[in-house]
Amino acid sequence: MKTFRLDNALPLNTTIPEPSLICLIGAAGSGKSTWASTWPDTQVLELDRFRAMVSDDGGCQESTADAVFALQAVLEARLARRKMTVIDATNCEKSVRADLVATARRHGLPTVALVIATLADVCVERQEGRPANRQVPEHVVRAQHAAMVEVVPGLPDEGFDYVVGAEGISRLEALLHCVSDSRRADLGWDGGEGLGDLLLVRRYFGPEILPLWRWRDASVLADGDRVAEVRLGADSLYLAQRTDIDGEGDVGFEVLVA
Ligand code: CTP
Ligand code: MG
């Protein structure tokens, strides 16, 4: 794979300055969001996510102008606070990059172009398994890829303080730290209470249910099995935890009819 070691590029395996504005540059399917996930998610402004916020459809190209407008408002607020920020978008257009560099300059933050130079064929192949609204047509992916290759040498002149190739940075440890910090808190290894017997509940229903969930001492209602109450406002449901819901020993929950 090509590496981009320009005169002012960071040395390989470097640490990206903090705070800074990182602009990911890569075709659809190159792995931008995967790289972005190695930063805490509050630091990542993903254009597809803003498209979804304004239109309910992350693949809705017609909503791009509104999505960009909303993203810029958040970007301004973050950079004014000197917060590390990662822009997860293809950023293959010069005018888009120019706006990002100008915004960071105005707030006195350094800019990093993080180039994700995954082969065009791989980017195209990766479109196949995606939901229809997220599949980018092959000719568009190839055009984005060609644009990425073409712009790399000029990135320093566009005002980027650092230009790095994704293959030249180490982010796995950062990712594992993010992931393991929250797991440690779940387990109570950080000195907190941990989730205890709510771990199972979260695994089964997801995190949204936890604030509404109370285990109840009412096992008579469920032939000796554990009972929980889920309550929201005037609504409440009682669930029995069954240890063998399917005859194969799997744990499950059953709504108890009053
Ligand atoms: N992927 C992979 N190996 C990597 C990086 C990504 O196999 N080193 C896979 C991901 O699991 C995903 C696909 O490649 O299924 C695309 O990665 P993604 O991060 O979603 O690419 P983006 O560049 O964010 O694509 P888009 O611009 O369409 O959002
Ligand atoms: Mg993405």
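The text that follows walks through the structure, step by step, so that each part is easy to find. (Residues numbered from 1 in each chain as written. Chains lettered and ligands numbered in written order. Predicted model: local features only at pLDDT ≥ 70, side-chain atom pairs only at ≥ 80, totals over all residues. Heavy atoms only, no water.)

If you look at the biggest cluster of nonpolar residues, it comprises 26 residues, and the most contacted ones within it are L21, L75, I87, V115, M148, L155 and F160. The set of elements that each furnish at least two residues to this core consists of β1 (21-25), α2 (47-55), α3 (64-80), α4 (94-106), β4 (111-115) and α6 (138-151). Looking at this core element by element, the count peaks at 4 residues for α3. The contact partners of L75, leaving out residues within four places of it in the chain, are L21, L45, T85, I87, L100 and T103. In this structure, I16, I22, V112 and I116 belong to the second largest nonpolar core, which totals 14 residues. (Core = buried A, V, L, I, M, F, W, Y, C linked by side-chain atoms within 4.5 Å. Buried < 20%, exposed > 50% of the residue type's maximum accessible area, 1.4 Å probe, protein only. Helix = DSSP H or I, 4+ residues; strand = E, 2+ residues; numbered from the N terminus. Contact = heavy atoms within 4.5 Å.)

One number sums up the size of the largest pocket: a volume of about 930 Å³. Around the largest pocket, the lining is made up of 38 residues, and of these L47, D48, R51, A89 and T90 lie nearest the centre. Only α1 (32-36), α2, α3, β3 (85-88), α4 and α6 provide two or more residues apiece to the lining of the largest pocket. (1 Å grid on protein atoms, 1.4 Å probe; cavity = no way out; pocket = protein on both sides within 12 Å on 5 of 7 lines; lining within 4 Å. Points joined across faces, edges and corners; volume = space filled by probe spheres on them.)

Turning next to a negative patch on the surface. On the surface, a cluster of negative charge is contributed by D244, D246, E248 and D250. By the secondary structure assignment, D250 is in the loop between β8 (235-242) and β9 (252-256). A residue is classified by how much of its surface remains accessible, and D250, at 41% relative accessible area, is partly exposed. (Patch = residues over 30% accessible without salt bridge, like charges linked within 9 Å, V, L, I, M, F, W, Y side chains within 5 Å. Areas by Shrake-Rupley, 256 points an atom, 1.4 Å probe, with all protein chains shown as cover. Salt bridge = Lys/Arg side-chain N within 4 Å of Asp/Glu carboxyl O. Lys, Arg positive; Asp, Glu negative; His and termini not counted. Charge placed at Lys NZ, Arg CZ, Asp CG, Glu CD.)

The values reported here are purely geometric and, on their own, carry no functional implication.
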